[in-house]
Amino acid sequence: MEDAIGEAKRILGLAGTEAVRVVRDHYDPETQTVRPNTVFRAAASVTARAARPAVLRRNLAASLVFSLVVIGLGTALTWLRS
C-alpha cells in the first residue's frame, strides 16, 4: 500500500497531472460485493498547475532566442568572410 501511495505522489509531481487517487477494494464475502475505499487522494496545488506551462513557455522562448542568435552570428560570419 505504501508503494502505491508513493507512486501516486510521484505521479502528482509530473506535468499535466491534476489529481491522484489510490483505491483499495473491500470485498464482503457475505454479500459478495466489492466496495472501493479511497486510501489516498491529493490534488496539485493551483500554483503548481499554473507554473508548469509558464516554465515550458520560458524554456521554449529561451531556446528560440538562442537559435536566432546562433543563426544571426553564422550569417554575420559568412558575410564577413565573403
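Residues numbered from 1 in each chain as written. Predicted model: local features only at pLDDT ≥ 70, side-chain atom pairs only at ≥ 80, totals over all residues. Heavy atoms only, no water.

(A) Molecular detail of the overall build of the protein. When you go through the protein residue by residue, the secondary structure sums to 2 helices and 2 strands. When the helices and strands of the protein are placed in sequence order, the string is α-β-β-α. The 82 residues of the protein split such that 11% are buried. Across the protein, every contact between residues at least 6 apart in sequence was considered, and the portion connecting residues at least 24 apart equals 33%. Of the roughly 6,900 Å² of accessible surface on the protein, a fraction of 61% belongs to carbon and sulfur atoms. (Helix = DSSP H or I, 4+ residues; strand = E, 2+ residues; numbered from the N terminus. Buried < 20%, exposed > 50% of the residue type's maximum accessible area, 1.4 Å probe, protein only. Contact = heavy atoms within 4.5 Å. Areas by Shrake-Rupley, 256 points an atom, 1.4 Å probe, with all protein chains shown as cover.)

(B) Structural detail: the pairing of strand E1 (residues 19-28). Taken together, the 10 bridges between E1 and strand E2 (residues 33-43) define a ladder with antiparallel strand orientation. The partner of Arg21 across the bridge, within E2, is Arg41. Hairpin remark: E1 followed by E2, antiparallel, with 4 residues in the connecting loop; positive phi at Gln32, about 55°. (Pairing = 2+ DSSP bridges.)

(C) Summary view of the nonpolar core. The biggest cluster of nonpolar side chains holds 7 residues, and these are Ala8, Leu12, Val20, Val22, Phe40, Ala42 and Ala44. Of all the secondary-structure elements, those providing two or more residues to this core are helix H1 (2-12), E1 and E2. (Core = buried A, V, L, I, M, F, W, Y, C linked by side-chain atoms within 4.5 Å.)

(D) Spotlight on a nonpolar patch on the surface. A surface patch of nonpolar side chains, about 320 Å² in accessible area, is lined by Leu64, Leu68 and Ile71. Tracing the backbone through its elements, the reader meets Ile71 in helix H2 (residues 46-81). (Patch = residues over 30% accessible without salt bridge, like charges linked within 9 Å, V, L, I, M, F, W, Y side chains within 5 Å. Salt bridge = Lys/Arg side-chain N within 4 Å of Asp/Glu carboxyl O.)

(E) Expanded view of the environment of Ile5. As for its placement among the helices and strands, Ile5 is situated in helix H1. Considered as a pair, Ile5 and Val22 are 17 residues apart in the sequence and their alpha carbons are 6.6 Å apart.

(F) Molecular detail of the side chain of Thr17. Mapped onto the fold, Thr17 is located in the loop between H1 and E1. Thr17 gets classed as buried once you look at its relative accessible area, which sits at 14%. A distance of 3.1 Å separates the side chain of Thr17 from the backbone oxygen of Ile11, its partner in a polar contact. (Polar contact = N/O pair within 3.5 Å; in protein donor to acceptor, adjacent residues only side chain to side chain.)

(G) Structural view of unusual backbone geometry. One non-glycine residue, Gln32, lies in the positive phi region at around 55°. Inspection of the secondary structure puts Gln32 in the loop between E1 and E2. Gln32 gets classed as exposed once you look at its relative accessible area, which sits at 62%.

(H) Up close: the environment of Val23. Here Val23 lies in strand E1. As for Val23 and Val39, which are separated by 16 residues in sequence, their C-alpha atoms are 5.6 Å apart. Each residue touching Val23, except ones within four places of it in the same chain, is listed here: Pro36, Asn37 and Thr38.

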